[in-house]
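Coordinates in review
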Amino acid sequence: MDGCMEARMAVTIQEIPCPRCGEGVEIFLRDGALAADSVCENCGCVLPAGARV
Ligand SMILES: [Zn+2]
């Protein structure tokens, strides 16, 4: 498969530790940046869309 361009556009779901409490937060990642706001269910910390992780 040589889908490099398609892979760059694809949204992937990833879990990262919350920057505030360390709890796992599901994020939608596109091209290395958040595709949508994600909220930590444990402490309410918001990871804004467009942020790089
Ligand atoms: Zn948190």
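For the structure given in this document, a descriptive report is provided here. These numbers were taken from a predicted model, which means no experiment stands behind them.

If you look at the biggest cluster of nonpolar residues, it comprises nine residues: I16, C18, V25, I27, L29, L34, C40, C45 and L47. With near-sequence residues (within four places) excluded, C45 lies in contact with C18, P19, R20, S38, V39 and C40.

Before going further, it helps to examine the coordination of the zinc ion. C18 (SG), C21 (SG), C40 (SG) and C43 (SG) make up the full set of protein donors to the zinc ion, lying at 2.3 Å. Around the zinc ion, the four donor atoms sit at angles spanning 106 to 115°, and that spread fits a shape best called tetrahedral. You can call C43 partly exposed: its relative accessible area is 28%.

Attention now moves to a negative patch on the surface. On the surface, E15, E23, E26 and E41 cluster together into a negatively charged patch. Within the secondary structure, E41 is located in the loop between β4 (38-39) and β5 (46-47).

Okay, the pairing of strand β1 (residues 11-17) next. Inspection of the sheet shows β1 paired to strand β2 (residues 24-30) by seven bridges, in the antiparallel sense. Note on β2: the bridge partner recorded for T12 is L29. As consecutive antiparallel partners, β1 and β2 are separated by six residues, and within that stretch G22 has a phi angle of approximately 85°, a positive value.

Thresholds, definitions, all that
- Residues numbered from 1 in each chain as written.
- Predicted model: local features only at pLDDT ≥ 70, side-chain atom pairs only at ≥ 80, totals over all residues.
- Heavy atoms only, no water.
- Core = buried A, V, L, I, M, F, W, Y, C linked by side-chain atoms within 4.5 Å.
- Buried < 20%, exposed > 50% of the residue type's maximum accessible area, 1.4 Å probe, protein only.
- Contact = heavy atoms within 4.5 Å.
- Donors = N, O, S within 2.8 Å, 3.2 Å for Na, K, Ca; no water.
- Tetrahedral: all angles 85-135°; square planar, octahedral: opposite > 155°, others 65-115°.
- Patch = residues over 30% accessible without salt bridge, like charges linked within 9 Å, V, L, I, M, F, W, Y side chains within 5 Å.
- Areas by Shrake-Rupley, 256 points an atom, 1.4 Å probe, with all protein chains shown as cover.
- Salt bridge = Lys/Arg side-chain N within 4 Å of Asp/Glu carboxyl O.
- Lys, Arg positive; Asp, Glu negative; His and termini not counted.
- Charge placed at Lys NZ, Arg CZ, Asp CG, Glu CD.
- Helix = DSSP H or I, 4+ residues; strand = E, 2+ residues; numbered from the N terminus.
- Pairing = 2+ DSSP bridges.

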